[in-house]
Amino acid sequence: MNTTRCSFLIGFLIIFCTTSFSQTTVSGSFMYQSILRTYRIYIPAIYNPSVAVPLVLNLHGYGSNNTQQEAYGEFRPIADTANFILVHPNGTLDQTGSRYWNCFGGPSTVDDVGFLSMLIDTISASYNIDQDRIYSTGLSNGGFMSYDLAYLLGHRIAAIASVAGGMVYSHLGACNPIHPTPVMQIHGTADGTVPYAGDAYFVPVDTLIKFWVNFNHCNAVPVITNLPNTNTSDGCTADHYVYSGGDSAATVEFYKIQGGGHSWPGAIININVTNMDFSASKEIWRFFSQYRLNNLSNAMEEHGFEIGIPVYPNPSNGNFNLKFIDASSRTIAVTDCLGRVVSEFTSVGTAAEFYVALPGIYFVTVTDGVHSSTQKVIRN
């Protein structure tokens, strides 16, 4: 996906930026499902362990890595003044030797949702993280992964932003977040890697925006602002769409880059027609900083729906039980990490049970016809 020229420029940028910020960057790793997973954490100089701070996940694109994303999708100067911790994880290697996140609906069994959840736990054990202010963003494949986290790790993620990413049809079909979810999408109309109009695999950007607008119950008609064309030589312009009025004030924001390519607006290097009229990183943090998970989750609680329905034992050797506060009729769906339905049934009463045959991480979604709650379970 990267040309030789782009790889060279990014490599040069990595050397420069790593030297500049190395004193506040910590590299780490741990084993997860027999795979050594690696990451880099950036801690701003103003961080005080006595004060809980936000955590931002910044996920690389397909064929890239965490160091490249750290330099290309630059957030470190923003973290220095806004006081949040920044983590750049690495995906795993596919059969071609390219790093990727397992969110395209393919045959891979890599559990990146579980890894990123454990990564949050690992960072939280060493740093004072505000658990209501954890966000995910990423470029391309990292944007796809951020969308997956919005519904598969919704009990931890407050808001997400995708740059030149999206969702595949199978994952959009399984997408049922447990709370209103603020979403920002940044996408070029001339993106040749993740087509704006979609294809047989990728959901069209307009369809994706409409899904999240409807899910959050935002106003269907956006406020549109044409950004000043401050850089007339970048070959593109930008329009900003804001869909407000959602549940718990959750909004959907969309930067439509007219003529823009597969790139990160405002990046230091210009590849694939990069918009230079605004900084994607600054706008993403401005967007994230508005939202807290507890405020978003309250939208479900105000409707009287159960949050955190007990599932036990968890982990289990296959048999799981659920308990409810009343005997209402509910639909229970069990999906794997790829969004495939393993089991689906209707339950009436204060208890239910289900069985999962194969080891792995699964998600149990309980729906009463209006609201839903999702819990992660582990089959040993």
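Residues numbered from 1 in each chain as written. Predicted model: local features only at pLDDT ≥ 70, side-chain atom pairs only at ≥ 80, totals over all residues. Heavy atoms only, no water.

*Asks:* Lay out unusual backbone geometry with the relevant residues and their values.
*Replies:* As a rule of thumb, non-glycine residues mostly have phi less than zero, and peptide bonds are mostly trans rather than cis. A positive phi is found at glutamine 33, a non-glycine position, where the angle reads about 50°. Within the secondary structure, glutamine 33 is located in the loop between strand E1 (25-32) and strand E2 (35-42). Looking at glutamine 33, the relative accessible area reads 41%, which means it is partly exposed. You will see that histidine 217, though not glycine, has its phi angle at about 60°, which is positive. As for its position among the elements, histidine 217 is in the loop between helix H7 (205-215) and strand E10 (223-226). (Helix = DSSP H or I, 4+ residues; strand = E, 2+ residues; numbered from the N terminus. Buried < 20%, exposed > 50% of the residue type's maximum accessible area, 1.4 Å probe, protein only.)

*Asks:* Now, about the nonpolar core: what can you tell me, with residues and values included?
*Replies:* Grouped together as the largest cluster of nonpolar side chains are 54 residues, with contacts concentrated most on Leu55, Leu57, Leu116 and Trp212. In terms of residue count, helix H5 (residues 141-152) provides more of this core than any other element does, 7 residues in total. When near neighbours in sequence (up to four residues on either side) are disregarded, tryptophan 212 contacts Tyr147, Ala150, Met167, Cys175, Pro177, Thr181, Val183 and Val252. Residues Tyr42, Val56, Ile186 and Phe287 belong to the second largest nonpolar core, which totals 36 residues. (Core = buried A, V, L, I, M, F, W, Y, C linked by side-chain atoms within 4.5 Å. Contact = heavy atoms within 4.5 Å.)

*Asks:* An account of the pattern of salt bridges is requested, with residue identities and associated values reported.
*Replies:* Applying the stated rule across the entire model yields 9 salt bridges. The partner of arginine 76 in a salt bridge is glutamate 74, and the shortest N-O contact between them spans 2.9 Å. Looking at glutamate 74, the relative accessible area reads 16%, which means it is buried. Notably, a salt bridge pairs glutamate 283 with arginine 286, separated by 2.8 Å at the nearest N-O pair. You can see glutamate 283 and its partner arginine 286 sitting in helix H8 (residues 280-288), 3 residues apart, about one turn around the helix. The exposure class of glutamate 283 is partly exposed, given its relative accessible area of 21%. The structure contains a network of salt bridges with shared partners spanning Arg40, Glu70, Glu74 and Arg76. (Salt bridge = Lys/Arg side-chain N within 4 Å of Asp/Glu carboxyl O.)

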